[in-house]
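Chain residues, written in single-letter form:
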Amino acid sequence: MGDQDTSETAATHTPGTRQGEEIKDEEGKEPGRSDAGTTGADRPSGGSDARDSTAINPDDVESVTDSPKMPPA
């Protein structure tokens, strides 16, 4: 780590490392995220679900508890 260029003119991006924007453009949105139009400042906005927070698709996973599956009341 001591050989890094920390001067004011040093590059802020490591060559060969993809930036977040490049990953999204190449691979698409992450699972669990969706578009929701734009905000008042005309910026893209969106939403997310449980998969975005946990990285688990809840529809594909059984409950980890031993509780019986009960129908909704």
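The rules behind the values
Per chain, the residues get numbers from 1 upward, laid out in the order the sequence is written. Local features in a predicted model are, by the rule used here, given only for residues with pLDDT of at least 70; side-chain atom pairs are given and counted only at 80 or more, and totals for whole chains, interfaces and linings are based on all residues. Note that the side-chain values use all heavy atoms of the structure and ignore hydrogens as well as water. Only DSSP runs of H or I covering at least 4 residues are called helices, and only runs of E covering at least 2 are called strands; the numbering of each starts at the N terminus. A 1.4 Å probe rolled over the protein chains alone gives each residue an accessible area, and that area as a share of the maximum for its type sets the label: buried under 20%, exposed over 50%, partly exposed in between. The Shrake-Rupley method, run with a 1.4 Å probe sphere, supplies the accessible areas, and residue values consider only the shown protein chains as cover. Note on pairing: DSSP must find at least two bridges between two strands before they are called paired. When a carboxyl oxygen of Asp or Glu is within 4 Å of a side-chain nitrogen of Lys or Arg, the pair counts as a salt bridge.

Chemist: Can you lay out the overall build of the chain for me, pointing to particular residues and giving the numbers?
Modeler: A count of helices and strands for the chain gives 2 helices and 2 strands. In the chain, the succession of α and β elements from N to C terminus is α-β-β-α. Counting every position in the chain, which comprises 73 residues, the buried fraction comes to 3%. Carbon and sulfur atoms provide 49% of the accessible area of the chain, an area that totals close to 6900 Å².

Chemist: Hey, could you go over unusual backbone geometry for me, with residue numbers and the actual values?
Modeler: Positive phi values are uncommon outside glycine, yet D42 reaches one of about 60°. Looking at the element boundaries, D42 is found in the loop between β1 (33–38) and β2 (44–48).

Chemist: Tell me about the pairing of β1, and please be specific about residues and values.
Modeler: For β1 and β2, the ladder comprises 4 bridges, and the chain directions are antiparallel. Note that in β2 the partner of T38 across the bridge is P44.

Chemist: Describe the pattern of salt bridges, listing the residues and the values that go with them.
Modeler: Under the criterion given, the structure shown has 2 salt bridges. In this structure, R18 and E26 form a salt bridge, with 2.8 Å as the shortest nitrogen-oxygen distance. The partly exposed category is assigned to R18, whose relative accessible area is 38%. With a relative accessible area of 55%, E26 lands in the exposed category. Between E27 and R18 there is a salt bridge whose closest N-O contact spans 2.9 Å.

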